[in-house]
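Spelled out, the chains give:
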Amino acid sequence: MDPMTQSAQISSSQGLADGQNSALKEPRPSVKDLIHWRDPKKSGLVFGLSMLVLLSLAAFSVISVVSYLLLALLCVTITFRIYKSVVQAVQKSSDGHPFKSLIDKDVSIPPETFRKHVDTSLAYINRALKQMSRLFLVEDLVDSLKLAVVMWLLTYVGAVFNGITILILADILLFAVPPIYEKNKTQIDHYVDLARTQINTTIAKLQEKLPGAVKRSKTE
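Since the model is a prediction, treat every value here as computed from it, not as a measurement.

Let us now look at the overall build of the protein. Scanning the protein from N- to C-terminus turns up nine helices and zero strands. For the protein, the sequential pattern of α-helices and β-strands runs α-α-α-α-α-α-α-α-α. When burial is assessed residue by residue, the protein has 9% of its 220 residues classed as buried. A total of about 18,400 Å² of accessible surface is found on the protein, and carbon and sulfur atoms cover 67% of it.

Put into structure tokens, the structure is as follows:
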């Protein structure tokens, strides 16, 4: 084979491989991109669907909402299946099942992936259990008092809002706050630093006055 031809084939193969690698490395839409409205269509779709589900849960039971969603999905797939069958019969084509590519797709969860997620979840659970033990057994008096204040405030929140209402508000804030913060980052960070400094000063004074309070070590 001519050396120049061989070199051209190698360069073409490398270019194809680089193109495939770059396609594989293209970032997928993440939660951060969605809540920052990088793609307004996708963010709007996710926000609209989440609000629809939450508002449905506020009006109906969980079983009813899940049943209606699955029934709607089933109606769409059955209707599309019948439509394609009629079109194939009229056109006398042999395209086969319209969902064949999805049916043949492997939807099973690999054991390695399952074990990885279980291990990650277990690490978070153990960390939460350790933190709860530290707070409820009063390892640090100030932290336990802060938890008591938060729980006391949540009793008033629970008297005004139910769980679904809080989730609806959280969903709205999740999609509204990040864009606002991104546009006014400097001003918000300034006021947050001022508030944090004031809170830390107050906590430090409180720690000094509390008898028997466990002081936090400044070096880890």
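In an α-helix there are 3.6 residues to a turn, and that puts residues three or four apart on one side. With 20 residues, helix 3 (residues 40–59) extends 28 Å between its outermost C-alpha atoms, agreeing within 8% with the 28 Å of an ideal straight helix rising 1.5 Å per residue. Listed as buried for helix 3 are S43, M51 and L54. All buried residues of helix 3 fall inside an arc of 65 degrees around its axis, so they share one side. Exposed and facing more than 90 degrees away from the buried side of helix 3 are K41, L45, L52 and A59.

Next up on the list: the side chain of S43. By the element assignment, S43 lies in helix 3. Apart from residues lying up to four places away in sequence, S43 is in contact with D33, L34, W37, R38 and F175.

What follows deals with the confidence of the model for the protein. Averaged over all residues, the pLDDT of the protein equals 80, while 82% of them reach at least 70. When mean pLDDT is taken per element in the protein, helix 6 (residues 111–136) scores highest with 93 and helix 1 (residues 3–24) scores lowest with 46. Considering only residues more than four positions removed or in separate chains, one finds that residues 1–13, a stretch of pLDDT under 50, has two contacts. Contacts from residues 15–27, a stretch scored under 50 in pLDDT, to residues over four places away or in other chains number zero contacts.

Moving on, we get to the packing of aromatic side chains. Applying the stated criterion to the full structure yields five aromatic pairs. Through successive ring pairs, a cluster of aromatic residues spans W37, F47 and F175.

Right, let's get into the pattern of salt bridges. In the structure shown here, the tally under the stated rule is six salt bridges. Among the salt bridges present, the one from D104 reaches K100, with a minimum N-O distance of 3.4 Å. Of the two residues, D104 and K100 both sit in helix 5 (residues 100–104), four residues apart, roughly one turn of that helix. When its relative accessible area of 52% is taken as the criterion, D104 is described as exposed. Three or more residues are tied together by salt bridges with common partners; here these are R134, D143 and K146.

So, about the UniProt feature "transmembrane region" (unreviewed entry) in the protein. With numbering aligned to this structure, UniProt lists the feature "transmembrane region" (unreviewed entry) at residues 160–181. For residues 160–181, the helix share is 91%, the strand share is 0%, and the end-to-end C-alpha distance is 27 Å.

The first and last C-alpha atoms of helix 7 (residues 141–160) sit 29 Å apart over 20 residues, in line with the 28 Å expected at 1.5 Å per residue. Among the residues of helix 7, V142, D143 and S144 are the ones counted as buried. Where helix 7 is buried, its residues meet helix 6 and helix 9 (185–209). By the N-cap criterion, in which a side-chain oxygen at the helix start approaches the backbone nitrogen of a residue two or three places on, helix 7 is capped by D140, the distance to V142 being 3.0 Å.

This paragraph deals with a nonpolar patch on the surface. Taken together, the side chains of V150, M151, L154, V157, V160, F161, I166, L169 and I172 present a nonpolar region at the surface, about 720 Å² in accessible area. Contributions of two or more residues to the nonpolar patch are made by helix 7 and helix 8 (163–183). The element best represented in the nonpolar patch is helix 7, accounting for five residues. Since its relative accessible area comes to 42%, V150 is described here as partly exposed.

What counts, and at which threshold
Residues numbered from 1 in each chain as written. Predicted model: local features only at pLDDT ≥ 70, side-chain atom pairs only at ≥ 80, totals over all residues. Heavy atoms only, no water. Helix = DSSP H or I, 4+ residues; strand = E, 2+ residues; numbered from the N terminus. Buried < 20%, exposed > 50% of the residue type's maximum accessible area, 1.4 Å probe, protein only. Areas by Shrake-Rupley, 256 points an atom, 1.4 Å probe, with all protein chains shown as cover. Expected span 1.5 Å × (residues − 1). Arc of directions from axis to C-beta. Contact = heavy atoms within 4.5 Å. pLDDT = per-residue confidence, 0-100. Phe/Tyr/Trp six-rings, centres within 6.5 Å; stacked < 30°, edge-to-face > 60°. Salt bridge = Lys/Arg side-chain N within 4 Å of Asp/Glu carboxyl O. UniProt positions renumbered as here; feature names shortened; annotations may be inferred. Polar contact = N/O pair within 3.5 Å; in protein donor to acceptor, adjacent residues only side chain to side chain. Patch = residues over 30% accessible without salt bridge, like charges linked within 9 Å, V, L, I, M, F, W, Y side chains within 5 Å.

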